[in-house]
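Here are the chains, one letter per residue:
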Amino acid sequence: MAVEIAKVYEFDSLEKYSWSQRLLIRLADIVFFLAISIIGWTIRWKVEGIDNLQTVGSAAKLPIYCVWHNRIFAGTYYLRHRKIVVITSQSLDGEYIARFLKRLGFGTIRGSSTRGGVRALVEMIRRMRDGMAMAFTVDGPRGPRYIVKKGAVLLAKKTGNPLLPFTVEADRFWTINSWDKLQIPKPFTRARLIYAAPIYVEPEAGDRRIEEKRIELQAALESISAG
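The written sequence of each chain sets the order in which its residues are numbered from 1. Only residues with pLDDT of 70 or above have their local features reported here, since the model is predicted, and side-chain atom pairs are shown and tallied only from 80 upward, although totals for entire chains, interfaces and linings are computed over all residues. Here the side-chain values reflect all heavy atoms present in the structure, with hydrogen atoms and water set aside.

A. Quick look at the packing of helix α7 (residues 151-159) against helix α8 (residues 207-224). An axis is simply a line fitted to the C-alpha atoms; with a helix, the fit covers only the stretch in contact. Between two such axes, the angle follows the N-to-C directions and lies from 0 to 180 degrees. Only DSSP runs of H or I reaching four residues or more are called helices, and only runs of E reaching two or more are called strands; each is numbered from the N terminus. Taken N-terminus to C-terminus, the directions of α7 and α8 make an angle of 120 degrees; their axes are 9 Å apart at the nearest point. With respect to their mutual orientation, α7 and α8 come out oblique. For the pair α7 and α8, the crossing hand works out as right-handed. Facing α7, whose interface residues are Val153, Leu154 and Lys157, α8 presents Ile210, Lys213 and Arg214. Residues were grouped as follows: Ala, Val, Leu, Ile, Met, Phe, Trp, Tyr, Cys and Pro as nonpolar; Asp, Glu, Lys and Arg as charged; and all remaining residues, including Gly, as polar. Of the residues assigned to the contact of α7 with α8, the class counts are three nonpolar, no polar and three charged. The scheme is simple: roughly parallel for angles under 35 degrees, roughly antiparallel for over 145, roughly perpendicular for 65 to 115, oblique for anything else. Put simply, a crossing is left-handed when the front helix is turned counterclockwise from the back one by less than a right angle, and right-handed when it is turned clockwise. Here a residue-residue contact requires only that any non-hydrogen atoms of the pair lie within 4.5 Å.

B. Spotlight on the environment of Ile109. Along the polypeptide, Ile109 turns up in strand β4 (residues 107-110). Residues Ile109 and Lys7 lie 102 residues apart in sequence; the distance between their C-alpha atoms is 9.3 Å. Those residues in contact with Ile109, other than ones at most four positions away along the chain, are Val8, Val85, Val86, Ile87, Thr88, Arg119, Ala120, Glu123, Met124 and Arg127.

C. Quick look at the nonpolar core. Grouping buried Ala, Val, Leu, Ile, Met, Phe, Trp, Tyr and Cys residues that are joined through side-chain atoms within 4.5 Å yields what is termed a nonpolar core. We call a residue buried when its accessible area falls under 20% of the maximum for its residue type, exposed when it is over 50%, and partly exposed in between, using a 1.4 Å probe and counting protein chains only. Judged by nonpolar contacts, the single largest core of 34 residues is most densely connected at Tyr65, Leu79, Ile84, Phe106, Phe166 and Tyr195. Those elements that provide at least two residues to this core are α2 (19-42), α3 (50-58), β2 (64-67), α4 (72-78), α5 (92-103), β6 (163-170) and β9 (190-195).

D. Representation of the pattern of salt bridges within the structure. Think of a salt bridge as a Lys or Arg side-chain nitrogen and an Asp or Glu carboxyl oxygen that are within 4 Å of each other. The final tally for this structure, using the stated rule, is 14 salt bridges. For the salt bridge of Glu48 with Arg192, the shortest nitrogen-to-oxygen distance reads 3.3 Å. Here Arg192 lies in strand β9 and Glu48 lies in strand β1 (residues 44-48), a separation of 144 residues in the sequence. Here Glu123 and Arg126 are joined by a salt bridge, their closest N and O atoms 3.7 Å apart. Here Glu123 pairs with Arg126, and both are found in helix α6 (residues 117-129), just three residues apart, close to one helical turn. Given a relative accessible area of 47%, Arg126 falls into the partly exposed group. Each of the salt bridges in this network shares a partner with another, and the network as a whole consists of Asp12, Glu95, Lys102 and Arg110.

E. The arrangement of the packing of α2 against α5 in detail. Two numbers describe how α2 lies on α5: the axes approach to 8 Å, and their chain directions differ by 45 degrees. Classified by the angle their axes make, α2 and α5 are oblique. In terms of crossing hand, the pair formed by α2 and α5 is right-handed. Between α2 and α5, the residues in contact are Gln21, Leu24, Ile25, Arg26, Ala28, Asp29, Ile30, Phe32, Phe33 and Ile36 and Leu92, Glu95, Tyr96, Arg99, Phe100 and Arg103, respectively. Residue composition of the contact of α2 with α5, grouped by class: 10 nonpolar, one polar and five charged.

F. Structural context of the pairing of β9. Strands are treated as partners if at least two bridges between them are detected by DSSP. Relative to β9, β1 runs parallel, the two being bridged by five bridges. From the neighbouring strand, Val47 faces β9, where its bridge partner is Leu193. Here β6 pairs with β9 via five bridges, running antiparallel. Looking at the pairing, Phe166 lines up with Tyr195 of β9.

G. Structural view of the side chain of Arg110. Positionally, Arg110 belongs in strand β4. Overall, Arg110 belongs to the buried group, its relative accessible area being 13%. Polar contact criterion, stated in full: a pair of N or O atoms within 3.5 Å, where within protein one must be able to donate a hydrogen and the other to accept it, and residues adjacent in sequence count only if both atoms are side-chain atoms. Side-chain polar atoms of Arg110 contact the side chain of Asp12, separated by 3.4 Å. Within the structure, the side chain of Arg110 is placed 3.2 Å from the side chain of Thr88, a separation counted as a polar contact.

Next comes the structure, spelled out in structure tokens:
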């Protein structure tokens, strides 16, 4: 078990990739790690709703952090080195994302909604039972933007741990022309990290209840996000 736990924090082998792909992965890994670290260090943070996070700990539960995909740049920096585990795709892009996340103290499990999703969910359930918090970009990996998918809700049902919606609202940021309109905070901006109240999902929840909880999570994220 200890070996399985350690593996989520270790770099995966790149032997299946060509020399040029390995170089690309390593360069992208370093570039993103430095960009997040340097910009994140300059942000002037204000945290709101910290009692919602503390409530989860007081109940002896682990948070399942839930955030919009386009807030991950700043959110990744703020939540670094907390041993949180995230799901990353099995694609080439997912490889360098997994590497820079691990440099920032995250663990990763490989999979997506289209490839390896069920296996990844089972692995997340196991790792939560080992005491690891999880995080989801709930409208990822490819959208639609701002539409919550049910993966995080299913994880909450299976583990008894609550969904913890949060967002990062930067005063000044660049917007990337991507499907999610990724927000990259400008250096030295002010940013609010906002936690909403935790959402629990009953172990016996059926399809209708799961959909109700998905909608509840959607509403919670909309209530704390500027759009």
